[in-house]
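Structure assessment
Listed below are the residues making up each chain.
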Amino acid sequence: MSTGTKRAGIAATRAERAVAEALDLVDAGGLEALTMRQLADRMGLHLPAIYRLFDGKDALIDEMAEAILAGAVAKLPAEDGDWKGRVRSMAAGLRTALLAHRDGARIVGGNYAAKRSNLTFVDSLLGGLLASGLPRKRAIWATSAVFCYVLGETLEEQGATGDEVEVLKGVLGARKYVHLEAGPVESMLDFEERFQFGLELLLAGIDAWAGRPQSRARIPSRR
């Protein structure tokens, strides 16, 4: 093994450890707690050594997002004939991967890097939605809709502090929001059931669009 190859391997291993340590810092104190200096201190390194691994905090967060998405990739379902089952499984796997780390949805949602785990997951999701019968362009849009739905729902779930129901009840006591006051307001914060319900709405909509003749399946234009 050449000296250059050995050094590259050491750097890759150190970068993997840095990503794991960074995720641990976020799990303990939230994304705001993560700084390059704190990461260096945690690893027993000088700050310049961290910057040799990552150009900056944004590059570090890109790698953290990639590590989180690797958890979803590890649970990708087999490609069988049940496209709805595949998409359900992928959406659930993504949600589980995001929830595995504090602020996981914020980390992945701010990531636009075209990296392996990211592209592998999206490619597999697109494959499942193409199997629905949607034409390719609309399948790509549907892929974005499902991915962003999971991100948004998980982002709100991870942002919940636990006292939202009481806060809502206090606000609704002002008698200005007749439909919300009719309740049950607690159902708004039942994240598990509302996630499943929303996902089924998406799947039903995709199914309906896939079954419509292209001459009729027109997206309303904005005026």
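Residues numbered from 1 in each chain as written. Predicted model: local features only at pLDDT ≥ 70, side-chain atom pairs only at ≥ 80, totals over all residues. Heavy atoms only, no water.

Digging into the overall build of the chain
Test applied: A run of DSSP states H or I qualifies as a helix once it reaches four residues; a run of E qualifies as a strand once it reaches two. Both are numbered from the N-terminal end. Whether a residue is buried, partly exposed or exposed follows from its accessible area with a 1.4 Å probe, protein chains only, as a fraction of its type maximum: under 20%, in between, or over 50%, in that order. Should any heavy atoms of two residues lie within 4.5 Å, those residues are considered in contact.
Broken down by element type, the chain carries 11 helices and 0 strands. By the burial criterion, 35% of the 223 residues in the chain qualify as buried. Long-range contacts, defined as pairs at least 24 residues apart, comprise 69% of the intrachain contacts of the chain with a sequence gap of at least 6.

Side note on a nonpolar patch on the surface
Put simply, the rule reads: Within this analysis, patches are made of residues with over 30% relative accessible area and no salt bridge. Like charges are joined at 9 Å or less; nonpolar side chains (Val, Leu, Ile, Met, Phe, Trp, Tyr) at 5 Å or less. Areas reported here follow the Shrake-Rupley algorithm with a probe of radius 1.4 Å; residue values treat only the protein chains shown as occluding. Salt bridges are defined as contacts in which a side-chain nitrogen from Lys or Arg sits within 4 Å of a carboxyl oxygen from Asp or Glu.
A cluster of nonpolar side chains, contributed by Val167, Val171, Tyr177, Leu180 and Met188, occupies part of the molecular surface with about 420 Å² of accessible area. Within the fold, valine 167 resides in helix α9 (residues 164-172).

A short note on the packing of aromatic side chains
To keep things clear, this is the line we draw: To pair, rings of Phe, Tyr and Trp, with the six-membered ring standing in for Trp, must have centres within 6.5 Å; the planes then decide the type, stacked if under 30 degrees apart, edge-to-face if over 60, and tilted in the middle. Look at NZ for Lys and CZ for Arg. If either is within 6 Å of the ring centre and within 35 degrees of the ring normal, a charge sits over the ring.
All told, the structure shown has 2 aromatic pairs when counted by the stated rule. A centroid spacing of 6.0 Å and a plane angle of 65 degrees characterise the contact between phenylalanine 121 and phenylalanine 147, whose relative ring orientation is edge-to-face. Of the two residues, phenylalanine 121 is situated in helix α7 (residues 116-130) and phenylalanine 147 in helix α8 (residues 136-159); the sequence distance between them amounts to 26 residues. Pairing tyrosine 149 with phenylalanine 195 gives two aromatic rings, centres 5.6 Å apart and planes at 20 degrees, and the pair type is stacked. Note that tyrosine 149 is positioned in helix α8 and phenylalanine 195 in helix α11 (residues 191-210), a separation of 46 residues in sequence. Given the relative accessible area of 16%, tyrosine 149 is considered buried. Of the residues examined, phenylalanine 195 reaches a relative accessible area of 1% and is grouped as buried. Between arginine 95 and the ring centre of phenylalanine 195, over which it is positioned, the NZ or CZ distance is 4.9 Å.

Observations concerning the confidence of the model for the chain
Cut-off, in case you're wondering: As a per-residue quantity, pLDDT reports the predictor's confidence and falls between 0 and 100.
When pLDDT is averaged along the chain, the result is 88, and 88% of the positions lie at 70 or above. Mean pLDDT across the secondary structure elements of the chain bottoms out at α9, with 72, and peaks at helix α5 (residues 83-99), with 97.

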